[in-house]
Amino acid sequence: LPPPPTRPGPDVPYIANLVVAEYARRSGVGAQLIVESEALCLRWAQPRLYCKVARDNIAARRLYDRCGFRPIFIQTLRSDWRNRQAANIFMVKELQLGDGEASPNQ
């Protein structure tokens, strides 16, 4: 994988804290939320959609994989008493802009 990404600017679309109620899981709700997020990005003429998922959240990782996201950085940080942040996988999905051509910098 490439080196860690630089911090994206404030205008970068990013899925944060996507959560589906337990009773609605595995029914397609999460995938539909991602599809709607992608549509919003396209309306904003944004060629990429980013997300972050905890390395140990296998269900979420599978969802993002099925939806076409790819990892761009795997955080190797481990939690301890000084740092309670979990290690994460940062992901991106390249979107197709209006004319059907692939987005730039694929």
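Everything numeric in this text was worked out from a predicted model, so none of it was measured. (Residues numbered from 1 in each chain as written. Predicted model: local features only at pLDDT ≥ 70, side-chain atom pairs only at ≥ 80, totals over all residues. Heavy atoms only, no water.)

**Section: unusual backbone geometry**
Now for step 1: Positive phi outside glycine occurs at N17, with the angle close to 60 degrees.
Now for step 2: Within the fold, N17 resides in the loop between β1 (14–15) and α1 (29–43).
Now for step 3: The class for N17 is exposed, based on a relative accessible area of 74%.
Now for step 4: One non-glycine residue, R26, adopts positive backbone phi at about 65 degrees.
Now for step 5: Relative to the assigned elements, R26 resides in the loop between β1 and α1. (Helix = DSSP H or I, 4+ residues; strand = E, 2+ residues; numbered from the N terminus. Buried < 20%, exposed > 50% of the residue type's maximum accessible area, 1.4 Å probe, protein only.)

**Digging into the confidence of the model for the protein**
Now for step 1: Summing up the model confidence of the protein, the mean pLDDT is 83 and the portion of residues at 70 or higher is 75%.
Now for step 2: Low pLDDT (under 50) marks residues 100–106, which in the prediction has 13 contacts with non-local residues, meaning those over four places away or in another chain. (pLDDT = per-residue confidence, 0-100. Contact = heavy atoms within 4.5 Å.)

**Considering the pairing of strand β4 (residues 88–94)**
Now for step 1: Most of β4 is tucked away: 6 of the 7 residues are buried.
Now for step 2: Bridging between strand β2 (residues 48–54) and β4 involves 7 bridges; their strand directions are antiparallel. Opposite R48, over in β4, you have E94 as the bridge partner.
Now for step 3: Bridge analysis of strand β3 (residues 70–74) against β4 gives 4 bridges, and the strand direction is antiparallel. Following the sheet pairing, R70 is matched in β4 by V92. (Pairing = 2+ DSSP bridges.)

**Thoughts on the sheet that holds β2**
Now for step 1: Ordered in space as β1-β2-β4-β3, the 4 strands form an open sheet in which the pairing is mixed. The outermost strands of the open sheet, each flanked by one partner alone, are β1 and β3.
Now for step 2: Relative to β2, β1 runs parallel, the two being bridged by 2 bridges. By the bridge assignment for β2, Y14 is matched with Y50.
Now for step 3: Docked against the sheet, α1 engages β1, β2 and β4, running at close to 145 degrees with respect to β2.
Now for step 4: In this fold helix α2 (residues 58–66) packs onto β1, β2 and β4, with an angle of close to 160 degrees to the strand it touches most, β2. (Axes fitted to C-alpha atoms, helices over the stretch in contact; angles between N-to-C directions.)

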